[in-house]
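These are the residues of each chain, in order.
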Amino acid sequence: MTNVVDTTPELRTRISGEVIGSGDAGYDDARSVYNAMIDRHPALIARCAGVSDVQAALDAGRKAGAPLAVRGGGHNGPGFGTVDGGIVIDLSPMRSVEVDPGQRTARVQGGATWGLVDAATHKHGLATPSGIISTTGVGGLTLGGGHGYLSRKYGLTIDNLLEAEVVLADGRVVTASESEHPDLFWALRGGGGNFGIVTSFTFRLHPVGNVVCGPTAWPVAATSDVLSWFRDFLPAQDDDLYGFFAVMTVPPVDTFPEAFHLHKACAIMWCYLGDPANATEALQPVRDMQPAFDGIGEAPYPGLQSAFDGLYPRGLQWYWRGDFFGTVPDAAVDAHARFASELPTMHSTMHLYPIDGAVNKVPARDATFSQVIVGVDPDPANAAAIKQWTVDYWDATHPYSAGGAYVNFMMDEGQDRVRATYGNNYDRLAEIKAIYDPTNLFRINQNIQPAG
Ligand SMILES: Cc1cc2nc3c(=O)[nH]c(=O)nc-3n(C[C@H](O)[C@H](O)[C@H](O)COP(=O)(O)OP(=O)(O)OC[C@H]3O[C@@H](n4cnc5c(N)ncnc54)[C@H](O)[C@@H]3O)c2cc1C
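The structure presented is a predicted model; accordingly, all values stated were derived computationally and were not measured.

Calculation rules
- Residues numbered from 1 in each chain as written.
- Predicted model: local features only at pLDDT ≥ 70, side-chain atom pairs only at ≥ 80, totals over all residues.
- Heavy atoms only, no water.
- Pairing = 2+ DSSP bridges.
- Helix = DSSP H or I, 4+ residues; strand = E, 2+ residues; numbered from the N terminus.
- Axes fitted to C-alpha atoms, helices over the stretch in contact; angles between N-to-C directions.
- Contact = heavy atoms within 4.5 Å.
- Disulfide = S-S within 2.5 Å.
- Buried < 20%, exposed > 50% of the residue type's maximum accessible area, 1.4 Å probe, protein only.
- Near = heavy atom within 4 Å.
- Polar contact = N/O pair within 3.5 Å; in protein donor to acceptor, adjacent residues only side chain to side chain.
- Areas by Shrake-Rupley, 256 points an atom, 1.4 Å probe, with all protein chains shown as cover.
- Phe/Tyr/Trp six-rings, centres within 6.5 Å; stacked < 30°, edge-to-face > 60°.
- Arc of directions from axis to C-beta.
- Salt bridge = Lys/Arg side-chain N within 4 Å of Asp/Glu carboxyl O.

Draft legend 1. Inspection of the sheet that holds strand E1 (residues 19–21) at higher detail. Judged by pairing direction, the sheet is mixed, and its four strands sit side by side in the order E1-E2-E4-E3 without closing on themselves. Pairing within the sheet leaves two strands with one partner each, and these edge strands are E1 and strand E3 (68–71). Mean inter-strand twist for the sheet, computed between neighbouring axes without regard to direction, equals 20 degrees. Sheet strands in contact with helix H3 (residues 51–64) are strand E2 (44–47), E3 and strand E4 (87–90), and its direction is about 170 degrees off that of E4.

What follows is the structure, given as structure tokens:
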């Protein structure tokens, strides 16, 4: 077996992208990921410019027996886009987006971020479901499932995946779709990075242009009333209306009147996808709840998608925990009200995202909400405090959960939690893993271990 560092000269001749080792300028930037709580030192980072670069980097990793981390957008909470002592296969140079407006599809390279996709598809009045921050990677978000403003109407990101080009653990390049390698296609849609390196995704697009969207907010003391109303109201609405509930501290930005700045609050971020002429009627029940702040207006969809980018730049400390919920019983509402009043830092928050509507038209899905509690702060000195608040908050609401969590909202929480999340699908995923990655080469992830 070759030493991983010794693979560098050969790899440099084999790939057209950069190979960055610990002695190279730019190493600290290249090894960093979005979550600054993650501080790992890979042996080298291979910035891949195309499929053959990915194959060469994979080959080098296999020969060296080195741990391999695959990086899309680098947003993963537990930092699976990097690894101590191993090789990072960094797909960030692979970010092209090709839209076919006639077919209503987009072919997206594996290292693109969602902002690039939204910008390219919006030119044609089209979009596909994704997350709420435009700097998030297409790769990790899609392979974990992907939910956002379009999900009640058009499903998860994976429900709109038509095809993936995948570099397998043995170096072969295959297409996975309903008709080619359908077992792999099934496993990719939620199985994270366990089954191969996806070099391109082809998505179905939907007509989405301008949307009526924005926040309504109430004082934190209203959390119980607003959350109890929201949990009953939203699931009863048409799929055109989307809203996620949040507990937060109002940031000191122009969007909000100065009187609200730095006050703790509860809020709902809305997105109405129906005819804008009908939005006032659809949102009247929200106004009947007398929000203290109403920032709803019409905006281009990419504007909504990047609304939180400025608040959450790369380089903050993050610790998060997730859970699925069927509903939010009164006892859980009480817990939310308590922890909302104890938000430890301005950036820390809890989001309760609806995943009903079109998401639940897929058999075996039945959760109504995907919850994430996130402790966030720029200062590493606050890392322990934000983690403690997150864990305590999670402990208080977890007993009411439907079981398992969205895999993209988990930290490194161990095998039992991975199994709980995949539930009845775990065994089939493990069998497919044994076919496509029998030696568990792709293990820096929420790991599904090969059967047998
Ligand atoms: C600020 C913020 C907001 C978020 N909002 C949402 C949201 O609204 N909705 C939502 O669904 N999720 C959301 N997420 C969670 C997000 O989906 C995950 O963090 C996801 O892992 C990010 O993907 P990435 O490609 O950026 O991450 P990375 O760290 O690059 O990768 C994450 C995992 O996916 C694997 N991977 C990435 N790309 C590929 C690829 N091309 N082929 C094979 N494996 C790959 C990696 O190996 C790793 O295991 C959010 C995250 C953050 C930090």
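Draft legend 2. Layout of the state of the cysteines. Applying the stated criterion across every chain, the model contains zero disulfides. The closest cysteine sulfur to the non-disulfide-bonded Cys-213 is located on Cys-271, 6.0 Å from its own sulfur. For Cys-213, a relative accessible area of 7% gives the class buried.

Draft legend 3. Just the pairing of strand E14 (residues 264–272), in detail. The buried fraction of E14 is high, at eight of nine residues. The pairing of strand E12 (residues 210–219) with E14 spans eight bridges and is antiparallel. Residue pairing for E14: Thr-216 is matched across the bridge by Ile-268. One ladder, built from nine bridges, connects strand E13 (residues 241–249) with E14; its direction is antiparallel. Among the inter-strand pairings, Ala-246 is bridged to a residue of E14, identified as Ala-267.

Draft legend 4. View of unusual backbone geometry. Of note in the backbone geometry, Leu-262 takes a positive phi value of approximately 65 degrees without being a glycine. Here Leu-262 lies in the loop between E13 and E14. Residue classification places Leu-262 among the exposed residues on the basis of a relative accessible area of 52%. In this model, Asn-440 sits at a positive phi of 60 degrees, which is unusual for a non-glycine residue. Mapped onto the fold, Asn-440 is located in the segment after helix H14 (426–436). The class for Asn-440 is buried, based on a relative accessible area of 11%.

Draft legend 5. A look at the site of the ligand. Taken together, 34 residues form the shell around the ligand, and within it Val-70, Gly-72, Gly-74, His-147 and Tyr-406 come nearest. In the environment of the ligand, an oxygen atom lies 2.9 Å from a nitrogen or oxygen atom belonging to the backbone of Gly-137. When the ligand sits alone it has 940 Å² of accessible area, and the protein chains cover 97% of it. Among the secondary structure elements, those contributing two or more residues to the shell around the ligand are E3, helix H5 (138–144), strand E10 (197–204) and strand E17 (317–325). With four residues, H5 is the single largest residue contributor to the shell around the ligand.

Draft legend 6. Representation of the packing of aromatic side chains within the structure. Enumeration according to the criterion identifies 21 aromatic pairs in this entry. Where Phe-339 meets Tyr-393, the ring centres are 4.9 Å apart and the plane angle is 10 degrees; that geometry is what we call stacked. One end of the pair, Phe-339, is in helix H11 (residues 330–340); the other, Tyr-393, is in helix H12 (residues 383–397), and 54 residues separate them in sequence. For the pair Phe-339 and Tyr-393, one class covers both residues: buried. Site record: aromatic cluster; members linked through ring pairs are Tyr-34, Tyr-149, Tyr-242, Phe-244, Phe-308, Tyr-312, Trp-318, Trp-320, Tyr-353, Tyr-406 and Phe-409.

Draft legend 7. A look at the environment of Trp-218. Structurally, the position occupied by Trp-218 is in strand E12. Owing to a relative accessible area of 4%, Trp-218 belongs among the buried residues under this scheme. Residues Trp-218 and His-336, 118 residues apart in the sequence, show an inter-C-alpha distance of 14 Å. In terms of polar contacts, Trp-218 uses its side chain to reach the backbone carbonyl oxygen of Met-289, at 2.9 Å.

Draft legend 8. Up close: the environment of Phe-233. Relative to the helices and strands, Phe-233 resides in helix H8 (residues 223–233). The exposure class assigned to Phe-233 is buried, which follows from its relative accessible area of 9%. With residues up to four places along the chain from it excluded, the contact list for Phe-233 reads Leu-241, Trp-270, Ala-282, Pro-285 and Val-286.

Draft legend 9. Layout of helix H9 (residues 279–288). Among the residues of H9, those classed as buried are Ala-279, Ala-282, Leu-283 and Val-286. Here the buried residues of H9 occupy an arc of 85 degrees about the axis, which is enough to place them on one side. Seen from the buried face of H9, the exposed residues on the opposite side, beyond 90 degrees, are Thr-280, Glu-281 and Asp-288. Buried residues in H9 make contact with E12, H8, E13 and E14. Phi for Gln-290, located one or two positions after H9, is positive at around 50 degrees.

Draft legend 10. Focus on the pattern of salt bridges. Evaluation of the coordinates by the stated rule reveals 24 salt bridges. Asp-39 is the partner of Arg-31 in a salt bridge, and the nearest nitrogen-oxygen pair spans 2.7 Å. It is possible to trace a salt-bridge network through shared partners that takes in Glu-10, Arg-14, Asp-59, Arg-62 and Lys-63.

No statement about biological role is implied by the geometric values presented.
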